[in-house]
Amino acid sequence: MSETYVCSNCQTTVTRPFQIRSIIRTCDECGQNGRFLHRSLVDSLESLPAEELPDGWESMRLDERFEAALKQGLIQLTRS
Ligand SMILES: [Zn+2]
């Protein structure tokens, strides 16, 4: 089984044989060392209703969106 992770900065994807919330790595595409979010989290962020999104959402990186959505209770984590 392989799981997809998405670069917070440029949205390049990588696959890993394990499922966790996010991984930290240096991106091959954009060269940034940062967080890659699991695809399912990215899908959750993309499915949020537009009227509930915090200010500046469009200009946030994926990991910033994730933190903002968590803080506002827009998404819940169902596993640790
Ligand atoms: Zn990247």
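Above: the structure in question.
Residues numbered from 1 in each chain as written. Predicted model: local features only at pLDDT ≥ 70, side-chain atom pairs only at ≥ 80, totals over all residues.

K.L.:
Could you clarify how one ought to interpret the overall build of the chain in this entry?
P.N.:
Along the chain, the regular secondary structure elements total two helices and four strands. Taken over the C-alpha trace, the chain has a radius of gyration of 13 Å; the compact-globule value for 80 residues is 12 Å, and the two agree within 12%. Among the 80 residues that make up the chain, the fraction classed as buried is 18%. Counting only contacts in the chain whose residues sit at least 6 apart along the sequence, the fraction spanning at least 24 positions is 37%. (Helix = DSSP H or I, 4+ residues; strand = E, 2+ residues; numbered from the N terminus. Rg over C-alpha atoms; globule rule 2.2 N^0.38 Å. Buried ≥ 20, exposed ≤ 12 C-beta atoms within 10 Å, placed from the backbone. Contact = placed C-beta atoms within 7 Å.)

K.L.:
Help me understand the sheet that holds strand β1 (residues 3-7), please; the structure alone is not making it clear to me.
P.N.:
Adjacent strands of a sheet form backbone hydrogen bonds with each other and so pair up, either parallel or antiparallel. Ordered by their spatial adjacency, four strands build an open sheet running β2-β1-β4-β3, and the pairing between neighbours is antiparallel. Looking along the sheet, the strands with just one partner apiece sit at the ends: β2 (13-16) and β3 (22-26). With direction set aside, neighbouring strand axes in the sheet form an average angle of 35 degrees. Bridge count between β3 and strand β4 (residues 33-38): five bridges; the pairing is antiparallel. Considered in β4, the bridge of Arg25 is made with Gly34. Across the sheet, helix α2 (residues 62-71) is in contact with β1 and β4; its angle to β4 comes to roughly 60 degrees. (Pairing = 2+ DSSP bridges. Axes fitted to C-alpha atoms, helices over the stretch in contact; angles between N-to-C directions.)

K.L.:
It is not clear to me how the environment of Glu3 should be interpreted in this structure. Could you clarify?
P.N.:
Examined against the element boundaries, Glu3 turns out to sit in strand β1. By the C-beta count within 10 Å, which is 15 here, Glu3 ends up partly exposed. Here the alpha-carbon distance between Glu3 and Pro49, two residues 46 residues apart in the chain, equals 26 Å. Ignoring any residue separated from it by four or fewer positions in sequence, one finds Glu3 in contact with Thr15, Arg16, Phe18, Gln19 and His38.

K.L.:
Looking at this structure, I do not really get the nonpolar core. What am I missing?
P.N.:
Here is a general trend for soluble globular proteins: nonpolar side chains tend to be buried in one another's company. By size, the foremost hydrophobic cluster in this structure holds 11 residues: Tyr5, Val6, Cys7, Phe36, Leu37, Leu41, Val42, Leu45, Leu62, Phe66 and Ala69. Those elements that provide at least two residues to this core are β1, β4, α1 (39-46) and α2. With near-sequence residues (within four places) excluded, Phe36 lies in contact with Tyr5, Val6, Cys7, Ser8, Val14, Ser22, Ile23 and Arg25. (Core = buried A, V, L, I, M, F, W, Y, C linked by C-beta atoms within 7 Å.)

K.L.:
Just checking my understanding: could you explain unusual backbone geometry for this structure?
P.N.:
The general pattern is negative phi for most residues beyond glycine and trans for most peptide bonds. Positive phi outside glycine occurs at Gln11, with the angle close to 70 degrees. Along the chain, Gln11 turns up in the loop between β1 and β2.

Function cannot be read off these values alone, since they describe shape.
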